[in-house]
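# Structural overview for review
Next come the chains, spelled out residue by residue.
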Amino acid sequence: MLETVQNDPNWTIEAISGVEAQVNWQRTIIGQNTPIAVNNDLFVFHQSILGCENDESVVAINIDTAVQTWTHPAQLVRNIQSVETDFLFVECCSTITRIDSSGVEQWQSEDIPARIFRPNLFLLNEILYFPTEAQIYTFDADDGSNDGVIEMENVVAVFYDVLISSIATNHISVTSRQNNERLWSKRVRIPTKIFLNEEILIFNLNSQIDAYNVLTGELLWTIRGDFNAYPIVIDQLLITHSIGDVLAWHDTLTGEKIAEVDLIRSERLPVDQFSIHATLATNGEHIFVLYNNYEELIALRYELHN
């Protein structure tokens, strides 16, 4: 049986298919609290309280106990990324800060351009890659020193073997990082999120999710739905959140839905069906669902059936 830290009077699970799951704990967190990330045994989020000047910080909560462990001041946070288990990168409007798992700042970069797209930061061989609309900035991951600039426009994602860029309105190009040759290009809306899982490139397009072979551009599968959170990917699983507070697990190889749970709140608030009103994160054992419109954070513990 899954153990519960504390019972949650607001949220329950009504229906379960293909998974053992329960609400492990819930916390009320005041303000606007995105972006979010999971780092080792910590759930980390950016907290901004309206009307409180300079009252912004990165906050860490222990996953097992739901107790706040540290805070770090940070203004205008655009992205928090857990790159390895012992540290985080925090992107603000003009800098990147490396913070260790105890909340101690290790370095802060020099000023960098603000970005329209917010692709993931990418770490390879101790070099941190930071794509912008005009260039890719690189930093030494150990000390934050500038390691140079790669001249390449409109890069929206950097992965180990490939770069993904927008070459025109509604047109995506995939380029090899080994020889800078274009592998393929396709007319497709600019994705709001991009994931690379094994050799499968996954594009989130709000009302649908498409998967392509990263080397050939072959469309492998499509999932359509009323999604109101950006999906997340871990191992070979894609996790979605749909209107009605339905969480679903999909196989990234086939797109097949393999598990589903319905989250039920005792008092539902009206939600614009076309808005993104939830944010997801996972560590493979918990799914964290943050509802800024409720100011509530839920930790759902789960085990998929074999």
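Being a predicted model, the structure only gives us computed values, none of them experimental.

### Focus on the overall build of the chain
The helix and strand tally for the chain stands at zero helices and 29 strands. Its C-alpha atoms put the chain at 55 × 45 × 35 Å along the principal axes. Counting only residues that meet the buried cut, the chain has 51% of its 306 residues in that class. Of the roughly 14,300 Å² of accessible surface on the chain, 44% is carried by carbon and sulfur atoms.

### Things to note about the pairing of strand S28 (residues 286-291)
Across the six residues that make up S28, a large majority, six, are buried. Here S28 shows a buried face lined by His286, Phe288 and Leu290 and a second buried face lined by Ile287, Val289 and Tyr291. The sheet contact formed by strand S27 (residues 279-282) and S28 spans four bridges and is antiparallel. Residue pairing in the sheet places Thr279 in a bridge with Leu290 of S28.

### Side note on the nonpolar core
Within the largest apolar cluster, 23 residues are counted, with the highest numbers of intra-cluster contacts made by Ile239, Leu247, Trp249, Leu263, Val289 and Tyr291. Secondary structure elements with two or more residues in this core: strand S2 (19-28), strand S23 (232-234), strand S24 (237-242), strand S25 (246-251), strand S26 (257-265), S28 and strand S29 (296-304).

### Let's talk about the sheet that holds S29
Pairing is antiparallel in the open sheet, where four strands are placed in the order S2-S29-S28-S27. If you trace the sheet from one side to the other, it starts and ends with S2 and S27, each paired once. The mean inter-strand angle of the sheet, taken between neighbouring strand axes irrespective of direction, is 20 degrees. Sheet analysis places S2 next to S29, joined by nine bridges and oriented antiparallel. Opposite Glu20, over in S29, you have Glu303 as the bridge partner.

### Side note on the side chain of Asn204
Here Asn204 is to be found in strand S20 (residues 200-204). Judged by its relative accessible area of 1%, Asn204 is buried. A polar atom in the side chain of Asn204 sits 2.7 Å from the side chain of Thr192.

### Side note on the sheet that holds strand S3 (residues 36-39)
Spatially, S3-S4-S5-S6 is the arrangement adopted by the four strands of the open sheet, whose pairing is antiparallel. The outermost strands of the open sheet, each flanked by one partner alone, are S3 and strand S6 (68-73). Direction aside, neighbouring strands of the sheet carry axes that sit 25 degrees apart on average. Here S3 runs beside strand S4 (residues 42-48); their pairing, made up of four bridges, is antiparallel. Paired with Asn39 across the bridge in S4 is Leu42.

### Regarding the packing of aromatic side chains
How two aromatic rings sit relative to each other is given by the distance of their centres and the angle of their planes. Applying the stated criterion across every chain, the model contains ten aromatic pairs. Taken together, a centroid distance of 5.1 Å and an interplanar angle of 55 degrees make the contact between Trp249 and Tyr302 tilted. One end of the pair, Trp249, is in strand S25; the other, Tyr302, is in strand S29, and 53 residues separate them in sequence. The two residues Trp249 and Tyr302 agree in class, both being buried. Members of the aromatic cluster, each reached through a chain of ring pairs, are Trp25, Phe43, Phe45 and Phe288. If you follow Arg98 out to its NZ or CZ, it ends over the ring of Phe87, 3.7 Å from the centre. We note Arg177 situated over the ring of Tyr129; from NZ or CZ to the ring centre the distance is 5.0 Å.

Conventions adopted
- Here the residue numbering is sequential within each chain, running from 1 through the sequence in written order.
- Totals for whole chains, interfaces and linings use all residues, but because this is a predicted model, local features are given only for residues with pLDDT of at least 70 and pairs of side-chain atoms are given and counted only at 80 or more.
- For the side-chain quantities, the full set of heavy atoms in the structure was used; hydrogens and water were omitted.
- Helix and strand definitions here come from DSSP, where helices need a minimum of 4 consecutive H or I residues and strands a minimum of 2 consecutive E residues; each element is numbered from the N-terminal end.
- Exposure is judged per residue with a 1.4 Å probe applied to protein chains only, and the accessible area is read against the type maximum: over 50% gives exposed, under 20% gives buried, and values in between give partly exposed.
- For every accessible area listed, the method is Shrake-Rupley and the probe measures 1.4 Å; residues are considered covered only by the protein chains on display.
- In this scheme, strands are said to pair when DSSP sees at least two bridges between them.
- Residues grouped as a nonpolar core are buried Ala, Val, Leu, Ile, Met, Phe, Trp, Tyr and Cys residues, joined through side-chain atoms within 4.5 Å.
- Working convention: axes come from line fits to C-alpha atoms, limited for helices to the stretch in contact. Angles between N-to-C directions cover 0 to 180 degrees.
- Nitrogen and oxygen atoms within 3.5 Å of one another constitute a polar contact, given that in protein one can donate a hydrogen and the other can accept it, and given that sequence-neighbouring residues count only through two side-chain atoms.
- Only the six-membered ring of Trp is used, alongside the rings of Phe and Tyr, when aromatic pairs are assigned; centres must lie within 6.5 Å, and planes under 30 degrees apart are stacked while those over 60 apart are edge-to-face, with the rest tilted.
- Placement of a positive charge over a ring is assigned whenever Lys NZ or Arg CZ falls within 6 Å of the ring centre and within 35 degrees of the normal to the ring plane.

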